[in-house]
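Here are the chains, one letter per residue:
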Amino acid sequence: MDKFCDSLFRYERRRCHTVTVGDVKIGSSYGVVPQSMCTTDTLDTEASARQAAAIADAGGKLVRYTAQGRSQAQNLKAIKERLAEMGYNVPLVADIHFNPAAADIAATVVEKVRINPGNFVDKRATLENVEFTPQEYEDDKRRLDERFTAFLAICREHGTAVRIGVNHGSLSDRIMSEYGDTPQGMTESAMELLRICKRERVDNVVVSMKSSNTQVMVRAYRMIAAAMRAEGMDYPLHLGVTEAGEGEDGRIKSAVGMGALMADGLGDTIRVSLTEAPEAEIPVANALISIFEGREKHAPIPEQATDSYSPYEYKRRNSRRIGEVGDGQPPVVPDSLPEGTRELSIWKLDAEMLEKLRREPCVVAAVSDNINATAELRAFFLRLDNAGIDCPVIIVRRYPAMSEEDFALRAAAECGQLFIDGYGDGLMLECEGLSKEVCEKTAYAILQAARVRFTKTEYISCPGCGRTLFNLTETLRRVKAATSELKGLKIAVMGCIVNGPGEMADADYGYVGAGPGKVTLYKGREAVKRAIPEERAIDELLDLLKQNNELPQ
């Protein structure tokens, strides 16, 4: 596979052309654009306009609404008019699933339309093993081509931008039959439509590859960047981790996933998906963007051979065991470095030091004071690998005084990629003015977000939108209160079934909106209790956990 970025050791934004959305420019010639999505009923003009205004006041440059039907798509015009009356000119985006007719209408009304390749013309995926004959596969693909081409013609006529928004949780049965729910499947799902855009000479297109699993998400974005490069495409990338959750965990998970990509110059617009008020997402997005501003001015990093680097699949670096560190054990979060640890930067890994490590193996603490520390630490691991050194390595990052939230975001954005790529046998964080307990808690959260060590329940929860049929924020808090003592479980709280069943593949249990006042409970991908009244759903979830010995009877 082609490279996903020009250099692993020199920071620069991935080069892409400019997409225009109203008066907003998206592309490598411009700064990364923060955006959010409303949670209001799109038919409620006043509430929808007020929420968009709150997002814009917080610094959001684009506002998205669900448009699940024709009436919602048509009402976007009324929302735009109301926003204009309020003095706002923020471009609007329509979010479409299962309804290409609504996409056609929206393309005549708003500045951008997001369509999901997995359900643009296909029926809802069965999430079962469905086999397609070669002829059925091609017929299904041709039907998608014809309908998408007709939609692009409307967008071209009205100057409407398009987002091809692939979701790990909602790939089509056809793609799943060939690739499974994998980053490869996500990439092919996007490339099918991007090839049509290229053929039809439609350039005003952005692409996204979202998942609640940061490892899947990072590899899917790298793959699409490499696939576009191989086929002469340079469409901008919209980054996001779906269903990131709320509070510190949601922020850290978003920073781990998006930071892993932004560290290599990928990403032209971002959305942080928190189960909170939409305007609360914008300061987090802007903080993430600011972490990488000016990074191109970093001190040079010595280039290394990259034969051992595995960006498209998870491969844990081989290391010997020394004490409780290394040899495939979960990464540690030490309160102090083990006795005998050598603290080294890449600049100390000369031939003499490498020979010492070969003769006298020990735990190594990898440090960097480069503003592009992620790349320098990656180079550190590559130098060890290229020299055949298998000492276990604890990544040590020390930060100057800053707020607890800024520290968590920066550490997650800078360290998460290394663990996603299989590097690091431990993580030790320090921040001036913050307690050791705070630093250790943050380190554990980063390891969990990178999916290399689970120390508490993980909540996969969507931010909500106009399709949501219950109070997501309050429901998530109630689910957390009832299950937070569990360790290692993944529980999904989803507002509707667009991505819900698909994201159950990454959760042990799921709580998914099924209709007004109704909830369906899942174990894995299997719906085990359907259409439960919302007032009973938490108790039913607890009963399900007890039945499966996750909670005491």
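Residues numbered from 1 in each chain as written. Predicted model: local features only at pLDDT ≥ 70, side-chain atom pairs only at ≥ 80, totals over all residues. Heavy atoms only, no water.

Draft legend 1. Spotlight on the overall build of the protein. If you tally the helices and strands in the protein, you get 16 helices and 19 strands. For 553 residues, the compact-globule formula gives about 24 Å, and the C-alpha radius of gyration of the protein, at 23 Å, lands near that figure. In terms of principal-axis extent, the alpha carbons of the protein reach across some 70 × 60 × 55 Å. Relative to its full complement of 553 residues, the protein shows a buried share of 62%. Sequence separation of 24 or more characterises 71% of the internal contacts of the protein that already satisfy a separation of 6 or more. (Helix = DSSP H or I, 4+ residues; strand = E, 2+ residues; numbered from the N terminus. Rg over C-alpha atoms; globule rule 2.2 N^0.38 Å. Buried < 20%, exposed > 50% of the residue type's maximum accessible area, 1.4 Å probe, protein only. Contact = heavy atoms within 4.5 Å.)

Draft legend 2. Representation of the sheet that holds strand β17 (residues 509–515) within the structure. One open sheet holds the five strands; their spatial order is β15-β16-β17-β18-β19, and the pairing between them is mixed. Each edge of the open sheet carries a strand with a single partner, namely β15 (458–461) and β19 (526–533). Each adjacent strand pair in this sheet contributes to an overall mean axis angle of 20°, direction not counted. As paired strands, strand β16 (residues 490–494) and β17 are joined by four bridges and run parallel to one another. Residue Ile491 lies in a different strand from β17, and its bridge partner there is Tyr509. With respect to the sheet, helix α14 (residues 472–483) is in contact with β15, β16 and β17, its orientation differing from that of β16 by roughly 160°. (Pairing = 2+ DSSP bridges. Axes fitted to C-alpha atoms, helices over the stretch in contact; angles between N-to-C directions.)

Draft legend 3. Local environment of the packing of aromatic side chains. One pass over the full model with this rule turns up eight aromatic pairs. Both rings, one in Phe380 and one in Phe381, keep their centres 6.1 Å apart while their planes meet at 80°; by these two values the pair is edge-to-face. By relative accessible area, Phe381 is classed as buried at 0%. With a centroid separation of 5.8 Å and an interplanar angle of 75°, the aromatic rings of Tyr399 and Phe407 are classed as edge-to-face. The same class applies to Tyr399 as to Phe407, namely buried. (Phe/Tyr/Trp six-rings, centres within 6.5 Å; stacked < 30°, edge-to-face > 60°.)

Draft legend 4. Layout of the sheet that holds strand β12 (residues 364–366). Judged by pairing direction, the sheet is parallel, and its four strands sit side by side in the order β11-β12-β13-β14 without closing on themselves. One side of each edge strand has no neighbouring strand; the edge strands of this open sheet are β11 (342–344) and β14 (426–431). Strand-to-strand twist of the sheet, defined as the mean angle between neighbouring strand axes without regard to direction, takes the value 25°. In terms of strand pairing, β11 meets β12 through three bridges, oriented parallel. Residue Glu343 lies in a different strand from β12, and its bridge partner there is Ala365. Running over the sheet, helix α10 (residues 351–359) touches β11 and β12 and is turned about 150° from β11.

Draft legend 5. How the structure looks around the state of the cysteines. What the rule picks out here adds up to zero disulfides. Cysteine Cys155 remains unbridged, with the sulfur of Cys197 as its closest cysteine sulfur at 9.0 Å. What makes Cys155 buried here is its relative accessible area of 2%. (Disulfide = S-S within 2.5 Å.)

Draft legend 6. Highlighting the pairing of β19. With five bridges joining them, strand β18 (residues 518–523) and β19 adopt antiparallel strand pairing. Counted as the bridge partner of Lys523 is Glu526 from β19. In sequence, β18 turns back onto β19 through a hairpin of two residues, with Gly524 there showing a positive phi of about 65°.

Draft legend 7. Seen up close, the packing of helix α8 (residues 247–262) against helix α9 (residues 281–292). The contact between α8 and α9 brings their axes to 11 Å, and the two run at 35°. The handedness of the crossing between α8 and α9 is right-handed. Contacts from Arg251, Ser254, Ala255, Met258, Gly259 and Met262 in α8 reach Val284, Leu288, Ile289 and Phe292 in α9. Class assignment for the residues of the contact of α8 with α9 results in seven nonpolar, two polar and one charged. (Left-handed = near helix turned anticlockwise from the far one by under 90°. Nonpolar A, V, L, I, M, F, W, Y, C, P; charged D, E, K, R; others polar.)

Draft legend 8. Structural detail: unusual backbone geometry. Within the chain, Phe98 stands out as a residue other than glycine whose phi angle is a positive 65°. Tracing the sequence through the fold places Phe98 in the loop between β5 (92–96) and α3 (100–107). Not every positive phi belongs to a glycine, and Arg201 is a case in point at roughly 55°.

Draft legend 9. Structural view of the nonpolar core. Grouped together as the largest cluster of nonpolar side chains are 138 residues, with contacts concentrated most on Val113, Phe148, Phe151, Leu194, Leu357 and Leu429. By residue number, the principal contributor to this core is helix α7 (residues 214–230), which donates eleven residues. Beyond its immediate stretch of four places on either side in the chain, Phe151 contacts Ala103, Asp104, Ala107, Val113, Ile115, Phe120 and Val162. (Core = buried A, V, L, I, M, F, W, Y, C linked by side-chain atoms within 4.5 Å.)

Draft legend 10. Main features of α3. In terms of burial, α3 is largely enclosed, as eight of its eight residues are buried. Along α3, the residues that are buried comprise Pro100, Ala101, Ala102, Ala103, Asp104, Ile105, Ala106 and Ala107. On its buried face, α3 sits against α2 (70–85), β5, β6 (112–115) and α4 (134–158).

By themselves, these are just geometric observations and shouldn't be taken as functional.
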